[in-house]
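Summary of structural features
The primary structure of each chain is shown beneath.
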Amino acid sequence: MAETTIAVTLCWSLVPRQVHEVHLRVPVGSTVRAVLDLGMTQWLESQGLAEPALLTSLPFQQPGIWGHKTTWGHQVQAGDRIELYRPLNVDPKVARRQRFKRQGKGRTGLFANRKSGVAAGY
């Protein structure tokens with residue numbers, strides 16, 4: 001006899017360093033959107049917040065499965081970890097440039113001043 005439900009995990013983060021994770025059993029053939037609706041509803045009820053308006057106000061733009069972007073209509077498989085990505089606040093290239101400028105080129109990379117007899121990086 002075939003199983004009628006599968007186990008998946010739904011993960012998201014509304015703010016940095018605060019990750020929410022919900023383990024769900026969903027019907028076989030469920031889409032990422034269906035898992036999101038079910039998972040958010042369960043999580044909101046567990047938090048004592050039964051406001052459906054919160055679901056539409058969440059800033060998620062792109063779903064993914066195990067770190068790979070996917071579509072909202074993608075069917076989930078058993079054991080999938082559905083991740084919800086929020087938009088970036090800063091372009092990573094710009095942030096890296098600013099960090100490098102702040103650290104100064106004299107202390108990093110090829111231009112680092114090393115003491116004699118010390119391994120690189122120490």
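Notes on the structure follow. Since the model is a prediction, treat every value here as computed from it, not as a measurement.

Okay, the nonpolar core next. In this structure, V8, V76 and I82 are the most contacted members of the largest nonpolar core, which totals 15 residues. Those elements giving two or more residues to this core turn out to be β1 (5-15), β2 (18-27), α1 (32-46) and β5 (81-85). Those residues in contact with V8, other than ones at most four positions away along the chain, are V22, H23, L24, V26, V35, V76, Q77, D80 and I82.

Attention now goes to the sheet that holds strand β3 (residues 62-65). Taking strand neighbours across the sheet as the criterion, the 5 strands line up as β2-β1-β5-β3-β4 in an open arrangement whose pairing is mixed. At either end of the open sheet lies a strand with only one pairing partner, and these are β2 and β4 (68-69). Pairing between β3 and β5: 4 bridges, direction antiparallel. The partner of G64 across the bridge, within β5, is E83.

Attention now moves to the packing of aromatic side chains. Taken as a whole and assessed by the stated rule, the structure comprises 0 aromatic pairs. The lysine or arginine in question, R33, covers the ring of W72, its NZ or CZ lying 4.2 Å from the ring centre.

Moving on to the side chain of E83. Tracing the chain through its elements places E83 in strand β5. A polar atom in the side chain of E83 sits 2.7 Å from the side chain of Y85. Ignoring anything within four residues of it in the chain, the contact list for E83 reads C11, Q62, P63, G64, W66 and G67.

This next bit is on the pairing of β3. Judged from the 2 bridges that link them, β3 and β4 form a sheet pairing that is antiparallel. Each residue of the ladder has a partner; that of G64, found in β4, is K69. In textbook terms, the turn of a hairpin is the stretch between consecutive antiparallel strands, and for β3 and β4 this stretch comprises 2 residues, one of which, W66, has a positive phi near 50 degrees.

Counted under the stated rule, the structure contains 2 salt bridges. Between R81 and E21 there is a salt bridge, with the nearest N and O atoms lying 3.6 Å from each other. Taken together, the residues span a long stretch of sequence, with R81 in strand β5 and E21 in strand β2 at a distance of 60 residues. In this structure E21 comes out as partly exposed when scored by relative accessible area, which is 43%. With its nearest N and O atoms 3.0 Å apart, the salt bridge here joins E83 to R81. Overall, the relative accessible area of 25% leaves R81 in the partly exposed class. Salt bridges here are not isolated pairs; linked through shared partners, they connect E21, R81 and E83.

Relative to the elements of secondary structure, D80 occurs in the loop between β4 and β5. Buried and without a salt bridge, D80 has R81 as its closest oppositely charged side chain, separated by 10 Å. Those residues in contact with D80 that lie beyond four places of it in its chain are A7, V8, T9, I65 and W66.

Analysis parameters
- Residues numbered from 1 in each chain as written.
- Predicted model: local features only at pLDDT ≥ 70, side-chain atom pairs only at ≥ 80, totals over all residues.
- Heavy atoms only, no water.
- Core = buried A, V, L, I, M, F, W, Y, C linked by side-chain atoms within 4.5 Å.
- Buried < 20%, exposed > 50% of the residue type's maximum accessible area, 1.4 Å probe, protein only.
- Helix = DSSP H or I, 4+ residues; strand = E, 2+ residues; numbered from the N terminus.
- Contact = heavy atoms within 4.5 Å.
- Pairing = 2+ DSSP bridges.
- Phe/Tyr/Trp six-rings, centres within 6.5 Å; stacked < 30°, edge-to-face > 60°.
- Lys NZ or Arg CZ within 6 Å of the ring centre and 35° of its normal.
- Polar contact = N/O pair within 3.5 Å; in protein donor to acceptor, adjacent residues only side chain to side chain.
- Salt bridge = Lys/Arg side-chain N within 4 Å of Asp/Glu carboxyl O.
- Lys, Arg positive; Asp, Glu negative; His and termini not counted.

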